[in-house]
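# Examining the three-dimensional arrangement
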Amino acid sequence: MKHLMIATALTLSLAGAASAQTMLTVANWLPPSHPLVSDLIVPMTEKIAEATGGEVTANILPAPLGPPPAHFDFAVNGVADITFGVQGFTPGRFKTTNIVELPFLGETAEAISVAYWRVFDAMLKDAGEYDQVKVLGVFSHGPGEIFVKEGDLSSPDVLKGKKIRVGGGIVHEVASALGAVPVEGPSTKAYELLSQGVADGIFFPYESVNFFKLIPQLDQAIAVPGGLYNTSFYVIMNKAKWDSLTPQQQEAIDSVTGEALARMAGKMWDAADAKGKAAMEGEIDIFPATEAQLAAWEGALSPLVQAKLDEAAETGIDAQAAYDMLKAEIATETASQ
């Protein structure tokens, strides 16, 4: 009888321990080798498990549940517990991302991403665009540069008439404002677009040119101080799943996400950009933008910057104040690096 009581107690204890554990499902639409997965999402899940003492663990799905634009709603609807993606994949849905995607913001993804999180936490979240989910992090990739197959890169009109592959977000409008012909297409189709002559060039950070094996398709690049654009990313969690966690578990997860996640993401992108740029040595000639080009581009893009701030202000936030805070925080972070 005594042994039965001990066995029963042990069974109940194990059942209680098992019930206290939570396994989170993480959706993924990128190759496992992409640094966004291998050097950010995987370490994030490890940090969550460590911070919660193993009470909250995660399983990253091996195959996509659907196309990249669907991933935000996968978290909203509970198809997956955690998802990540690019706000610009669903044009018009996220207006506050305009603040961080504007040109000439900063030289490192770390400084931009940390500043972005701070502005998001202080001001942008008040717009309500993410009220249906728990935001674990927002961040930006490294500065977007100009890559082309051939031609004279010294003129301010270097992009006029060129077919440039672009992704989602403000980059499409940046290309148009500079006289280029935007060619829409996912990153995975970039090689095809360039190799078949559908596009003459691409706007990308150094990392992406290397990762998507585009170096053989390109000859020259223009390095733009502060970047010609940035792309905003999110990492979010289903709200019901978040609410099911204990306050202690939530506090633990908050300690390794938010600004900490933004900083980790920025460092990841910067390391990947350095690796990508190194791979271009002897393959792609990189020229700094000239003063004449910068003056012309700043003038051409100034109306777009104001239009994007006005659009962000439609959400009810003080867009100019958010933009000013972002630039000030980027300067502070840059000075400390």
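Residues numbered from 1 in each chain as written. Predicted model: local features only at pLDDT ≥ 70, side-chain atom pairs only at ≥ 80, totals over all residues. Heavy atoms only, no water.

### Observations regarding the environment of A319
Its place among the elements puts A319 in helix α13 (residues 319-336). Judged by relative accessible area, A319 falls into the buried class, the value being 4%. Along the chain, A319 and I99 lie 220 residues apart, while their C-alpha atoms are 7.4 Å from each other. Look past the residues within four positions of A319 in its chain and what remains in contact with it is I99, L309, A312 and A313. (Helix = DSSP H or I, 4+ residues; strand = E, 2+ residues; numbered from the N terminus. Buried < 20%, exposed > 50% of the residue type's maximum accessible area, 1.4 Å probe, protein only. Contact = heavy atoms within 4.5 Å.)

### Brief notes about the nonpolar core
One finds F147 and F203 to be the most contacted residues of the largest nonpolar core, which totals 74 residues. Look past the residues within four positions of F203 in its chain and what remains in contact with it is E145, I146, L159, I164, R165, V166, V171, V174, A175, L228 and Y229. Within the second largest apolar cluster, 29 residues are counted, among which are L36, I82, F84 and L261. (Core = buried A, V, L, I, M, F, W, Y, C linked by side-chain atoms within 4.5 Å.)

### Concerning the layout of surface pockets
Looking at the largest pocket, its volume works out to about 620 Å³. As for the largest pocket, its lining consists of 30 residues, and the residues nearest its centre are W29, F89, R165, P186 and S187. Sorting the residues of the lining of the largest pocket by element identifies β8 (201-204) and α8 (206-211) as the ones contributing at least two each. In terms of residue class, the lining of the largest pocket is built from 17 nonpolar, ten polar and three charged. (1 Å grid on protein atoms, 1.4 Å probe; cavity = no way out; pocket = protein on both sides within 12 Å on 5 of 7 lines; lining within 4 Å. Points joined across faces, edges and corners; volume = space filled by probe spheres on them. Nonpolar A, V, L, I, M, F, W, Y, C, P; charged D, E, K, R; others polar.)

These figures capture arrangement, not role.
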